[in-house]
Amino acid sequence: MRRFFPVFLSLLLILALSLGGWWWLRLSPRGVWNPAGPEEAMERILEEHTTEDWRSLLAPLWEGEVSEFEDREQVFSALFEAAVAGEELRFYELGEYASARETVYLLCASSHALGAVTLRYEDGQWRWADTAAGDRLLGERYTLSLTVPEGCRPTVNGRSVGDEYLAEENIPYGDMTPLESRFAHVPTQRRYEIPGLYFDADVAAEGQTLLYADGESFRYAPPDAHSYAFRILAPQDAAVTVNGALLTTADSSGGEDLYVPVDVPEELRGYLPAYLLYEFSGLYSVPEITVTSHDGRLLEGTERGDGTVCYTDAAGEVPEDLSSMAGKYMRTACLFGVSRATYEAFFPYLTGSSDLRSYYLMAQSSLSWIRGAGLDIRNVWCDSYLPLGEDACLLTVHCQCATSNYFTRYDLDLAYRLLCVRTAEGWRIQDMAYE
């Protein structure tokens, strides 16, 4: 009997150990012989779900960074497609998260991790407990750079770019003329930077001209860049400002005699005031020009046929006798134009050597057809008086009038530039030109 009990106890112990080992290998959650272990459960899950199922499942769980200018689902789908690339999905256990009753498997395609699946042992079997995508799916991203004119708001993929993306402002144009850099308001550019984009962006800057684009950098300019120019002739002693910038003699193209449409004799040309020519092109800004005489009067410009704007510094009030003579001459010229005055009517107003006498004499025979036309002279006045010494001057005479016939009426604003000289009989006209 003494031997029986030790042997019996040994057999019981061996049986218990055998049963325990069998249970551990066969029935425990992680038993080697357990046909329903976590790896088998994961294989079953993988078999029951297609690649598209995993795409739909992981898409809302993906935590990768996506810019506000791109669609999160579209970005994930593209990254998922690139990662899978037709490969079969596989899984790997993450040992650091493994325990007796819980484990995590990494879902992969080729060498790319797509997400993680958590399995938990409950009610005698391994169950799918959780899924996570995290930010495992990665793709190449880039920073989009946009340089646009000041005041322009660019768009990316139809979405306006906010000031939070402004990287630099008040950037000067590299090809701007030195003059324009002196303007009160100098046109500048702004540069926006948008990081973290995955796809080629649809970039737009409304109303602007695209200068350069390489997919990651875009540069725009105003559609009228370099298109503005000016060419003015102003008195040498006048103050000329362009968009707030005061021009100096160094800015001029040199001196030039005042252009007048009438034939000024050589002996009188020395009385013409000195003028400076200013001409600039290739401007970004519309030139706003102000010309002020030496005594503070604002001068008005008259455009010549070649595009030059002349700012004439008139002498002020026209002498009364000169104004009276020029006004009567203008009324006579209007009456002559409707065949209601003859060539002889000009004798009191023209010098004896004037070519105007021959002009009116030759013109008289061609006006008979207009005889009977109506004439309504409403206003006559003189301005732009410029003395040429004591006995000659330049003068502009204006007339607002209307002519009419049985069928129609024409309103006219006439202006003649006159060269007047003082004779023994008083002021007379030596030459005339239409303005």
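Higher on the page you've got the structure.
Residues numbered from 1 in each chain as written. Predicted model: local features only at pLDDT ≥ 70, side-chain atom pairs only at ≥ 80, totals over all residues. Heavy atoms only, no water.

Colleague: Report on the sheet that holds strand E2 (residues 102-109), specifying residues and quantitative values.
Modeller: Spatial ordering of the open sheet is given by E1-E2-E3-E4, a layout of 4 strands whose pairing is antiparallel. What marks the edges here is a single partner per strand, and that holds for strand E1 (89-93) and strand E4 (125-132). Taking each pair of neighbouring strands and ignoring which way they run, the sheet shows an average axis angle of 35°. Pairing of strand E3 (residues 112-122) with E4, which is carried by 7 bridges, proceeds in the antiparallel orientation. Paired with Ala116 across the bridge in E4 is Ala132. Contacting E1, E2, E3 and E4, helix H2 (residues 38-48) runs over the sheet at an angle of about 160° to E1. The strands touched by helix H4 (residues 72-84) within the sheet are E1, E2 and E3, with E3 carrying the most contacts at an inclination of about 90°. (Pairing = 2+ DSSP bridges. Helix = DSSP H or I, 4+ residues; strand = E, 2+ residues; numbered from the N terminus. Axes fitted to C-alpha atoms, helices over the stretch in contact; angles between N-to-C directions. Contact = heavy atoms within 4.5 Å.)

Colleague: If you had to explain the packing of aromatic side chains to someone new, which residues and values would you point to?
Modeller: Summed over the entire model, instances satisfying the criterion amount to 16 aromatic pairs. Judged by centre distance (5.2 Å) and plane angle (85°), the rings of Phe336 and Tyr360 are edge-to-face. With Phe336 in helix H6 (residues 320-337) and Tyr360 in helix H7 (residues 355-364), this residue pair connects regions lying 24 residues apart in the sequence. Of the two residues, Phe336 and Tyr360, both sit in the buried class. Taken together, a centroid distance of 5.0 Å and an interplanar angle of 75° make the contact between Tyr416 and Tyr434 edge-to-face. With a gap of 18 residues between them, Tyr416 in strand E23 (residues 409-423) and Tyr434 in strand E24 (residues 426-434) connect regions that are remote in the sequence. A relative accessible area of 53% places Tyr434 in the exposed class. (Phe/Tyr/Trp six-rings, centres within 6.5 Å; stacked < 30°, edge-to-face > 60°. Buried < 20%, exposed > 50% of the residue type's maximum accessible area, 1.4 Å probe, protein only.)

Colleague: Could you give an account of the nonpolar core, naming the residues involved and the relevant values?
Modeller: Core analysis: the largest hydrophobic core is formed by 36 residues, its most contacted members being Leu322, Tyr329, Tyr360 and Leu418. Looking at this core, the elements with two or more residues in it are H6, H7, strand E21 (374-387), strand E22 (392-404), E23 and E24. Sorting elements by how many residues they give to this core places H6 first, with 8 residues. Judged by nonpolar contacts, the second largest core, of 28 residues, contains Ala41, Trp54, Phe76 and Phe80. (Core = buried A, V, L, I, M, F, W, Y, C linked by side-chain atoms within 4.5 Å.)

Colleague: So what's going on with the state of the cysteines? Residues and values would help.
Modeller: Overall, the coordinates contain 0 disulfides when judged by the stated rule. A disulfide-free cysteine, Cys334 has its sulfur positioned 3.8 Å from the sulfur of Cys399, the nearest such atom. In this structure Cys334 comes out as buried when scored by relative accessible area, which is 8%. With no disulfide of its own, Cys420 lies closest to Cys393 among cysteine sulfurs, the gap being 4.5 Å. Cys420 sits in the buried class, given a relative accessible area of 0%. (Disulfide = S-S within 2.5 Å.)

Colleague: An account of a nonpolar patch on the surface is needed here, citing residue identities and associated values.
Modeller: Together, Leu57, Leu61 and Trp128 make up an exposed nonpolar region whose accessible area comes to about 210 Å². Looking at the element boundaries, Leu57 is found in helix H3 (residues 51-58). On the basis of relative accessible area, Leu57 is assigned to the partly exposed category, the value being 31%. (Patch = residues over 30% accessible without salt bridge, like charges linked within 9 Å, V, L, I, M, F, W, Y side chains within 5 Å. Areas by Shrake-Rupley, 256 points an atom, 1.4 Å probe, with all protein chains shown as cover. Salt bridge = Lys/Arg side-chain N within 4 Å of Asp/Glu carboxyl O.)

Colleague: Summarise H4; cite the residues concerned and give the values.
Modeller: For H4, spanning 13 residues, the distance from its first C-alpha to its last is 18 Å, which sits close to the expected 18 Å at 1.5 Å a residue. Those residues of H4 hidden inside the fold are in contact with H3, E1, E2 and E3. Residue Asp71 occupies the N-cap position of H4, its side-chain oxygen lying 3.3 Å from the main-chain nitrogen of Glu73. Remark: Ala85 follows H4 within two positions and exhibits a positive phi of approximately 50°. (Expected span 1.5 Å × (residues − 1). Polar contact = N/O pair within 3.5 Å; in protein donor to acceptor, adjacent residues only side chain to side chain.)

Colleague: Talk me through the pattern of salt bridges; I want residue IDs and the actual numbers.
Modeller: Under the defined criterion, the tally for this structure stands at 21 salt bridges. Notably, a salt bridge pairs Asp163 with Arg190, separated by 3.6 Å at the nearest N-O pair. In this pair, Asp163 sits in the loop between strand E7 (159-160) and strand E8 (166-172) while Arg190 sits in strand E9 (residues 188-197), placing the two residues 27 residues apart along the sequence. Owing to a relative accessible area of 16%, Arg190 belongs among the buried residues under this scheme.

Colleague: Which residues make up the layout of surface pockets, and what are the values?
Modeller: Put simply, the largest pocket is a space of about 620 Å³. Lining the largest pocket are 24 residues, with Thr302, Cys310, Thr312, Ser384 and Glu435 sitting closest to its centre. At the level of elements, strand E19 (301-303), E21, E22 and E23 are the ones that each hand at least two residues to the lining of the largest pocket. Sorting elements by how many residues they give to the lining of the largest pocket places E19 first, with 3 residues. Classifying every residue of the lining of the largest pocket gives 10 nonpolar, 7 polar and 7 charged. Of the voids in this model, the second largest pocket is the one considered here, and its volume is about 460 Å³. Surrounding the second largest pocket, 25 residues form its lining, Cys334, Gly337, Val338, Ile370 and Thr403 being those nearest its centre. Contributing elements (two or more residues each) for the lining of the second largest pocket: H6, H7, E22, E23 and E24. (1 Å grid on protein atoms, 1.4 Å probe; cavity = no way out; pocket = protein on both sides within 12 Å on 5 of 7 lines; lining within 4 Å. Points joined across faces, edges and corners; volume = space filled by probe spheres on them. Nonpolar A, V, L, I, M, F, W, Y, C, P; charged D, E, K, R; others polar.)

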